[in-house]
Amino acid sequence: MSLFVSHGAPTFALEPGLAGPALTELGKRLTRPAAVLVVSPHWMTEEIRVGVSETPETIHDFRGFPPELYNLDYPAPGHPKLARTALALLEAGGWKASADETRGLDHGAWVPMMHLFPDHSVPVFQVSMPTDLGPASAWRLGQALQPLEHDGVLIIGSGSLTHNLYEVRWGDPNASGYAREFTDWVRAKVQDGDHQQLIAALEEAPHAKRAHPTTEHFLPLLVAAGAAGEQQPGGLIDGGIEHGVLAMDAFVFQHPA
C-alpha cells in the first residue's frame, strides 16, 4: 500500500478540518505498518538522502505561525534497518543515494502523521526528494521503493493537491473555482488508474500552472502512485479545500497482490 496526503499549511496540526479526522480513521483501519517512509518536498537534496536516525527530532521548519505550533512534538522512533533497506533499493535502481544519520522529520512528515498515527508509536523515516525530480522520475522513484511493501513499510508521498501560496486566503471557506477544477481532474485520473495522464497533469490539467506555480508539492503524489504500479486506481479521501485554494485530498493506493 502507498498513500498520498496533502499536508496543507503547518496549522493543519492544530486545525484538522475534514482531512485530519479522515486520516485518523484511516490509521485505525490500516494494518499496523512496520514503519512509515515519507517523501516530502520540505527535504530536497541534490542527491537522495535517507534518514537513518533511531530518534528523529521534530523539525519546526516554518516561521510566522502561532507559538503553540512550535511546542508540538512528534516523538516517533526511526527505523534504521528498514531505512537502510530503502537505501539499498534506491542504489540498486540506479539512484545516487546516501544515509543521513542526523536528519529529523520535517513538517511535511510529522504534521500528517499526527493525524494518521496520533500515538506516535509507528517508526517513521524520510527519503529526500532530488532537486531535479520531475513527473516521470517521481514515478520511477516510487517504483524503486515499492518492494518495501513486502517488509511492511507504508510509503507516503506528502505534498499538496494544490499549492498556490500566493493566493491563500486564511480562514476563507469558499473554494476558488480553479482549485476545484484542477482537483476534480486529478481525482478522476487517480480513480481511473490513468497513470500516463497523471504524470502529464502539470501540463494537461486545467489551471495546472496556477494550482502549482512550482512542482515540488505535486510530485509526491506521483511517488505514491508509482509505488502502487501501473493502472492501479487510488481511493479518494476527501479533505476539502482550505483557505480558499489548498486542496487537502488524500489518495490510498493498493498494490496488486
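Bear in mind the structure is a predicted one, so any value in this text is a computation, not a measurement.

Asker: How would you explain the environment of Ala224 if you had to name every residue and give the values?
Answerer: Of note, Ala224 is situated in helix α9 (residues 219-226). On the accessibility criterion, Ala224 (0% relative accessible area) is buried. Measuring from C-alpha to C-alpha, the distance between Ala224 and Ala99 comes to 21 Å, with 125 residues separating the pair along the chain. The contact partners of Ala224, leaving out residues within four places of it in the chain, are Ser2, Leu3, Phe4, Gly157 and Phe253.

Asker: Can you break down the pattern of salt bridges residue by residue, with the values?
Answerer: The final tally for this structure, using the stated rule, is nine salt bridges. Arg84 serves as the salt-bridge partner of Glu101, at 3.6 Å between the closest nitrogen and oxygen. Of this pair, Glu101 sits in the loop between β4 (97-100) and α3 (107-116) while Arg84 sits in helix α2 (residues 80-92), and the two are 17 residues apart along the sequence. Using a relative accessible area of 40% as the deciding quantity, one classes Arg84 as partly exposed.

Asker: Describe unusual backbone geometry, with residues and values.
Answerer: Phi is positive for His207, close to 65°, though the residue is something other than glycine. The residue His207 is located in the loop between α7 (201-204) and α8 (208-211) in this model. Positioned with a positive phi, His243 is a non-glycine residue whose angle comes to about 55°. Note on His243: relative accessible area 10%, which makes it buried.

Asker: Can you lay out the nonpolar core for me, pointing to particular residues and giving the numbers?
Answerer: If you look at the biggest cluster of nonpolar residues, it comprises 57 residues, and the most contacted ones within it are Leu37, Leu90 and Leu221. In this view, Leu221 contacts Phe4, Leu161, Val186, Val190, Leu198, Phe251 and Phe253; residues no more than four positions away in its chain are not counted. Among the nonpolar cores identified, the runner-up in size contains 30 residues, and Leu26, Val38, Ala76 and Leu154 belong to it.

Asker: Residue-level account of the packing of aromatic side chains, with values.
Answerer: According to the stated counting rule, one finds six aromatic pairs in the structure shown. An angle of 45° between the planes, with centres 6.4 Å apart, marks the rings of Phe62 and Trp110 as tilted. Here Phe62, found in the loop between β3 (48-51) and α2, pairs with Trp110, found in helix α3; they are 48 residues apart in sequence, far enough to count as distant. Each of the two residues, Phe62 as well as Trp110, counts as buried. Between Phe182 and Phe218, the ring centres sit 6.1 Å apart and the planes meet at 70°, which makes this aromatic pair edge-to-face. Placement of the pair is Phe182 in helix α5 (residues 177-192) and Phe218 in the loop between α8 and α9, with a sequence separation of 36 residues. The exposure classification of Phe182 matches that of Phe218, with both residues buried. Taken together, the ring pairs connect Phe62, Phe65, Tyr70, Trp110 and Trp170 into an aromatic cluster.

Asker: Requested: an account of the packing of α2 against helix α4 (residues 135-145), with residues and values cited.
Answerer: Between α2 and α4, the shortest axis-to-axis distance is 8 Å and the interhelical angle comes to 125°. Put simply, α2 runs oblique to α4. Judged by the twist between their axes, the crossing of α2 over α4 is right-handed. On the side of α2, the interface is formed by Ala86, Leu89 and Leu90, while α4 contributes Leu141, Ala144 and Leu145. The residue makeup of the contact of α2 with α4, split by class, is six nonpolar, no polar and no charged.

Asker: So what's going on with α2? Which residues, and what values?
Answerer: Here α2 contains 13 residues, and its C-alpha end-to-end distance of 18 Å stays within 8% of the 18 Å for a straight helix at 1.5 Å per residue. Within α2, the full set of buried residues consists of Leu82, Ala83, Ala86, Leu87 and Leu90. The arc that holds every buried residue of α2, seen down its axis, measures 155°, which confines them to one face. Along α2, exposed side chains directed more than 90 degrees from the buried face belong to Lys81 and Ala92. Buried-residue contacts for α2 involve β2 (35-45), β3, β4, β5 (124-130), α4 and β6 (153-159). Immediately downstream of α2, the backbone of Gly94 shows phi near 90°, a positive value.

Asker: Give a description of the packing of α4 against α9 that names residues and reports values.
Answerer: One can describe the packing of α4 onto α9 by two numbers: an axis separation of 6 Å at closest approach and a directional angle of 40°. Classified by the angle their axes make, α4 and α9 are oblique. Both α4 and α9 take part in a crossing whose hand is right-handed. Residues Pro135, Ala138, Trp139, Leu141, Gly142 and Gln143 of α4 pack against Leu219, Leu222, Val223, Ala225 and Gly226 of α9. In terms of residue class, the contact of α4 with α9 is made up of eight nonpolar, three polar and no charged.

Quick notes on the rules
Here, residues in each chain are numbered from 1, in the same order as that chain's written sequence. Only residues with pLDDT of at least 70 get local features here, since the model is predicted, and only at 80 or more are side-chain atom pairs given and counted; chain-wide, interface and lining totals rely on the full set of residues. Excluded from the side-chain calculation are hydrogens and water; included are all heavy atoms of the structure. Helix and strand labels come from DSSP, where a helix needs a run of H or I of at least four residues and a strand needs a run of E of at least two; each type is numbered from the N terminus. Residue exposure (1.4 Å probe, protein chains only): buried if accessible area is under 20% of the type maximum, exposed if over 50%, otherwise partly exposed. The contact criterion used throughout is that any non-hydrogen atoms of two residues lie within 4.5 Å. Salt bridges, as used here, are contacts in which a Lys or Arg side-chain nitrogen is within 4 Å of a carboxyl oxygen on Asp or Glu. Residues enter a nonpolar core if they are buried and are Ala, Val, Leu, Ile, Met, Phe, Trp, Tyr or Cys, with the set joined through side-chain atoms within 4.5 Å. Aromatic rings from Phe, Tyr and Trp, taking only the six-membered ring of Trp, are treated as a pair when their centres fall within 6.5 Å; an angle between ring planes under 30 degrees marks them as stacked, one over 60 as edge-to-face, and anything in between as tilted. Axis geometry follows a simple rule: fit a line to the C-alpha atoms, using only the stretch in contact for helices, then measure angles between N-to-C directions, giving values from 0 to 180 degrees. An angle below 35 degrees is read as roughly parallel, one above 145 as roughly antiparallel, one from 65 to 115 as roughly perpendicular, and any other as oblique. Helix crossings are classified by the rotation of the near helix relative to the far one: an anticlockwise turn of less than a right angle makes the crossing left-handed, while a clockwise turn makes it right-handed. Gly is put with the polar residues, along with every residue not named as nonpolar or charged; the nonpolar set is Ala, Val, Leu, Ile, Met, Phe, Trp, Tyr, Cys and Pro, and the charged set is Asp, Glu, Lys and Arg. What a helix should span is 1.5 Å times the count of its residues minus one. Here the arc refers to the set of directions running from the helix axis out to each C-beta atom.

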